[in-house]
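# Descriptive analysis of the structure
Each chain is listed here by its residues.
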Amino acid sequence: MHNILIVVDVQNDFVDGSLGTKEAVSIIPNVCSKIKNFEGDIYVTKDTHFDNYLNTSEGKKLPIEHCVKERDGWQLNEYVERALSDKEYTIIEKNSFGSLELPDIIRQKYSNLDFQIEIVGLCTDICVVSNALILKANFPENEIKVDASCCAGVTVESHNASLLTMKMCQIDVI
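Residues numbered from 1 in each chain as written. Predicted model: local features only at pLDDT ≥ 70, side-chain atom pairs only at ≥ 80, totals over all residues. Heavy atoms only, no water.

The next subject is the sheet that holds strand E3 (residues 89–94). Spatially, E3-E2-E1-E4-E5-E6 is the arrangement adopted by the 6 strands of the open sheet, whose pairing is parallel. Each edge of the open sheet is held by one strand with a lone partner, namely E3 and strand E6 (172–173). The sheet strands contacting helix H7 (residues 156–168) are strand E5 (144–152) and E6, and the helix crosses E5 at an angle near 175°. (Pairing = 2+ DSSP bridges. Helix = DSSP H or I, 4+ residues; strand = E, 2+ residues; numbered from the N terminus. Contact = heavy atoms within 4.5 Å. Axes fitted to C-alpha atoms, helices over the stretch in contact; angles between N-to-C directions.)

Moving on, we come to the nonpolar core. Core analysis: the biggest nonpolar cluster contains 25 residues, and Val7, Val31, Ile35, Ile42, Val80 and Leu122 have the highest contact counts within it. For this core, the secondary structure elements donating two or more residues are strand E1 (2–8), helix H1 (12–15), helix H2 (22–37), strand E2 (41–47), helix H4 (78–84), strand E4 (115–122) and E5. Among the elements that take part in this core, H2 stands out by supplying 6 residues, more than any other. Discounting residues that sit within four places of it in the chain, Ile35 has contacts with Leu5, Val7, Ile42, Val80, Ala83, Leu84 and Lys87. Core analysis: the next-biggest nonpolar cluster, separate from the first, contains 24 residues, Ile105, Ile106, Ile117 and Ala132 among them. (Core = buried A, V, L, I, M, F, W, Y, C linked by side-chain atoms within 4.5 Å. Buried < 20%, exposed > 50% of the residue type's maximum accessible area, 1.4 Å probe, protein only.)

Once that is clear, we can look at the layout of surface pockets. The rolling of a water-molecule-sized probe over the atoms marks out the regions of remaining empty space. Estimates place the volume of the largest pocket at around 180 Å³. As for the largest pocket, its lining consists of Phe14, Leu19, Thr21, Asp47, Glu58, Leu62, His66, Phe97, Cys123, Ile126, Cys127 and Val154. Residue classes in the lining of the largest pocket are distributed as 8 nonpolar, 2 polar and 2 charged. (1 Å grid on protein atoms, 1.4 Å probe; cavity = no way out; pocket = protein on both sides within 12 Å on 5 of 7 lines; lining within 4 Å. Points joined across faces, edges and corners; volume = space filled by probe spheres on them. Nonpolar A, V, L, I, M, F, W, Y, C, P; charged D, E, K, R; others polar.)

A separate point is the pairing of E2. Of all 7 residues making up E2, 6 are buried, and the element is well covered by its neighbours. Across 5 bridges, the pairing between E1 and E2 is parallel. Its bridge partner lying in E2, Ile6 is registered against Tyr43. Inspection of the sheet shows E2 paired to E3 by 6 bridges, in the parallel sense. Considered in E3, the bridge of Lys46 is made with Glu93.

Time to look at the packing of aromatic side chains. The description of an aromatic ring pair rests on the distance of the ring centres and on the angle between the ring planes. For the coordinates displayed, the defined rule picks out 2 aromatic pairs. Arranged with centres 5.6 Å apart and planes meeting at 45°, the rings of Tyr110 and Phe115 form a pair that is tilted. Judged by its relative accessible area of 6%, Phe115 is buried. Taken together, a centroid distance of 5.2 Å and an interplanar angle of 85° make the contact between Phe115 and Phe139 edge-to-face. Remark: Phe139 occurs in the loop between helix H6 (124–138) and E5 and Phe115 occurs in strand E4; sequence separation between them is 24 residues. (Phe/Tyr/Trp six-rings, centres within 6.5 Å; stacked < 30°, edge-to-face > 60°.)

In structure tokens form, the structure reads like this:
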């Protein structure tokens, strides 16, 4: 069985930057521990926007500039980056909530292999749930789980609602 860890958008802007929360800050030690102790392949997504963000569809609905490529807010949280420093991992930049590239990469590498996926990161109610549902739709027979102690949402209520949504879609929440 091959183990895959997806670390979703643990970037400065989502931790303690323009869209950060105290809940996001509080999960960083758990995420770092998960990474350090993980045996398997690690994929790290990075929400990636550009200088025209405020003119995009997302920017018009969420007019808070964030994760603009090469700016400090786009960088991974320093503790997470340190935890990853002893690991091999693949970064996947995405300019939407969910990565459509991620299932293709997984399909290509693991096409004839048994695998399970674990997801951690930010924000539970936007990018984590989007990626979890995309992965479940692409790999309905594979175990996909989300570690709730390594995720935080925009609010506690929306975090919990997203965990329930994922459970209802047969994603295991641990």
